[in-house]
Amino acid sequence: MSLDTVSTSDVGNEKSDSSATMGILSGIPSSSLRERNFLVGNVTTSNSKISDDLDNCFPERKVQIFVGTWNMQRCEVPLSIDDFLLPRAERFVRDVYVIGVQEATTDIKGWEIKLQETLGPNHVLIHSMSHGVLHMAIFIRRDLIWFCTDFQEDKITTRLISQVKTKGAIAISFQLFGTRFLFISSHFHSGETKVRERIEDYYKIMGQLHFLSKNSNSTTYQKCDKDFSGFDCVFWFGDLNFRINQPHHFMQQEVEDPSTYNIWEALKCDQLKRNMERGNVFHGFQETEITFLPTYKFTPGSDKYDVSVKLRVPSYTDRILHKPCRSTSITCHHYNSVSSVKHSDHRPVYGLFDVSLKPGRNSLSMHFWHEIFGECGWNFHRWKI
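Residues numbered from 1 in each chain as written. Predicted model: local features only at pLDDT ≥ 70, side-chain atom pairs only at ≥ 80, totals over all residues. Heavy atoms only, no water.

Draft legend 1. Layout of the overall build of the chain. From N to C terminus, the chain includes nine helices and 13 strands. Burial status across the chain gives 56% buried among its 385 residues. In the chain, the share of contacts with a sequence separation of at least 24, taken over all contacts with a separation of at least 6, comes to 75%. Surface exposure of the chain reaches about 16200 Å², of which carbon and sulfur atoms provide 48%. (Helix = DSSP H or I, 4+ residues; strand = E, 2+ residues; numbered from the N terminus. Buried < 20%, exposed > 50% of the residue type's maximum accessible area, 1.4 Å probe, protein only. Contact = heavy atoms within 4.5 Å. Areas by Shrake-Rupley, 256 points an atom, 1.4 Å probe, with all protein chains shown as cover.)

This is the structure:
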């Protein structure tokens, strides 16, 4: 297979219009957010109120989720991240947005405000956390905050010798209706030959993840078992740092002409795929077919791969993996990189998923980041859904 063009962020994927049967949650066109119509008072006036019935919100019992990852290389907050969060391949905005960044910008508040501005007032930042230079933010449609549990989180450091925590993972878990989600964003060891160290990172994170037991009202925490049996749906994403085992000059020549670049041949030498196939790492996880160019290592601000003295091999370091548990179904409609966001030496990667939901409610509470919402100049109670 070859790539015919890499000029847009929708390379290699068909146009996705996952406009499933709508309940009382009408679709929010992504085009309206790109035009920033909401900034001039375009307020929806529907007086419909959200029922606690899952079928009213999701007649097909499926929630639409955006998962994105980006190693920012400590760059400044970009002026626009529309191509990242609002891909033109998707007509409607997703219900849930999960964005994990590694080597995050120093202006975390500015980054969260930029995310909020991009997604508009119909979504709210319901939870975020940082650990060193790792950061994860979760936005959800305002209509749905009534159906979420309080969030649980954990963080793991895999590089103890570093004063600044650059390698490790952050994990956030929550329940939407009766479905329990777990999102893990991580940054593994770098280096083309450090495969063993990256696999050790995986097992160290697995061995140290702890969450509050859902069967206990105390502060007793339990380890996350290898099968993730306490969850219905797991996403693991980030700069996993696995490389292509090919000489630099070979891969450099391959990616210079996308029309002749053979993805399948390159992926035969992908360290992550080979070790997943051998059962060495990410047991039970799946990855949607890759149809885009390697996401690392670029000269920032350009489309040129690494030409420094280190001559790093162009590779797919940035990945999104998913694992359905307990009869949950996960469908990926779109998996791509964002070629137009060139602020760091990595390209952002995102996936658009549909995840099946089951009924249920447990310890629901309304909580979100009012401050970030207000920084965009919006009043939560003014915006009627």
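Draft legend 2. Here's a closer look at the sheet that holds strand 6 (residues 168-176). Read from one edge of the open sheet, five strands run 5-6-7-10-11, paired in mixed fashion. In the strand order of this sheet, the two ends are held by strand 5 (152-157) and strand 11 (318-324), each with one partner. The sheet shows a mean angle of 15 degrees between the axes of neighbouring strands, taken without regard to direction. Bridging between strand 10 (residues 233-239) and strand 11 involves seven bridges; their strand directions are antiparallel. In the strand pairing of strand 11, Trp236 is matched with Leu321. (Pairing = 2+ DSSP bridges. Axes fitted to C-alpha atoms, helices over the stretch in contact; angles between N-to-C directions.)

Draft legend 3. Region of interest: the nonpolar core. Counting residues in each nonpolar core, the largest one holds 84 residues, and the members touching the most others are Leu85, Ile99, Ile138, Leu176, Phe181 and Phe183. Looking at this core, the element that brings in the most residues is strand 4 (residues 134-141), giving six residues. With near-sequence residues (within four places) excluded, Leu85 lies in contact with Phe66, Tyr97, Ile99, Leu115, Thr118 and Leu119. Membership of the second largest hydrophobic core comes to 27 residues, among which are Ile199, Val234, Leu272 and Val281. (Core = buried A, V, L, I, M, F, W, Y, C linked by side-chain atoms within 4.5 Å.)

Draft legend 4. Highlighting the sheet that holds strand 1 (residues 62-71). Pairing is mixed across the open sheet formed by six strands, whose spatial order is 3-4-2-1-13-12. Of all strands in the sheet, those with a lone pairing partner are strand 3 (123-131) and strand 12 (330-337), marking the two edges. The mean angle between the axes of side-by-side strands here comes to 15 degrees, regardless of whether they run parallel or antiparallel. As paired strands, strand 1 and strand 2 (residues 96-102) are joined by seven bridges and run parallel to one another. Looking across to strand 2, one finds that Ile65 is bridged to Val96. Its contacts with the sheet put helix 4 (residues 108-119) on strand 1, strand 2, strand 3 and strand 4, and the angle it makes with strand 4 is roughly 25 degrees.

Draft legend 5. Representation of the state of the cysteines within the structure. For the coordinates displayed, the defined rule picks out zero disulfides. Cysteine Cys325 is unpaired, with the sulfur of Cys233 as its nearest cysteine sulfur at 7.5 Å. (Disulfide = S-S within 2.5 Å.)

Draft legend 6. Structural context of the environment of Leu125. Looking at where Leu125 falls in the secondary structure, it is placed in strand 3. Leu125 sits 13 residues away from Ile138 along the chain, and the two C-alpha atoms are 5.9 Å apart.

Draft legend 7. Fine view of empty space enclosed by the protein. Summed over all chains, the structure comprises two cavities of 30 Å³ or more. Computed from the structure, the second largest cavity encloses a volume of approximately 30 Å³. Taken together, Ser30, Leu85, Leu86, Pro87, Glu90, Phe92, Val93, Arg94, Tyr97 and Leu352 make up the lining of the second largest cavity. Taken together, the residues of the lining of the second largest cavity sort by class into seven nonpolar, one polar and two charged. (1 Å grid on protein atoms, 1.4 Å probe; cavity = no way out; pocket = protein on both sides within 12 Å on 5 of 7 lines; lining within 4 Å. Points joined across faces, edges and corners; volume = space filled by probe spheres on them. Nonpolar A, V, L, I, M, F, W, Y, C, P; charged D, E, K, R; others polar.)

Draft legend 8. How the structure looks around the packing of aromatic side chains. Scanning all chains against the criterion turns up 25 aromatic pairs. Judged by centre distance (6.2 Å) and plane angle (15 degrees), the rings of Phe188 and Phe282 are stacked. One end of the pair, Phe188, is in the loop between strand 7 (179-187) and helix 5 (195-208); the other, Phe282, is in the loop between helix 8 (271-277) and strand 11, and 94 residues separate them in sequence. The pair formed by Phe188 and Phe282 is uniform in burial state, with each residue classed as buried. Centroid distance Phe282 to Phe285: 5.6 Å. Interplanar angle 85 degrees. Geometry classified as edge-to-face. The burial state of Phe282 is the same as that of Phe285; both residues are buried. Ring pairing ties together the aromatic residues Phe188, Tyr202, Tyr203, Phe228, Trp236, Phe242, Phe282 and Phe285, which thus form one cluster. Over the ring of Phe285 we find Lys323; its NZ or CZ atom is 5.9 Å from the centre of that ring. Above the ring of Phe298, the side-chain terminus of Arg347 is found at 3.7 Å from the ring centroid. (Phe/Tyr/Trp six-rings, centres within 6.5 Å; stacked < 30°, edge-to-face > 60°. Lys NZ or Arg CZ within 6 Å of the ring centre and 35° of its normal.)

Draft legend 9. Seen up close, the side chain of Asn241. In this fold, Asn241 is placed in the loop between strand 10 and helix 6 (248-256). Each residue touching Asn241, except ones within four places of it in the same chain, is listed here: Lys167, His187, Phe188, His189, Ser190, Arg198 and Thr317.

Draft legend 10. Just the environment of Gln222, in detail. Considering the arrangement of structural elements, one finds Gln222 in strand 9 (residues 221-223). In sequence terms Gln222 and His210 are 12 residues apart; their C-alpha atoms lie 5.3 Å from each other.

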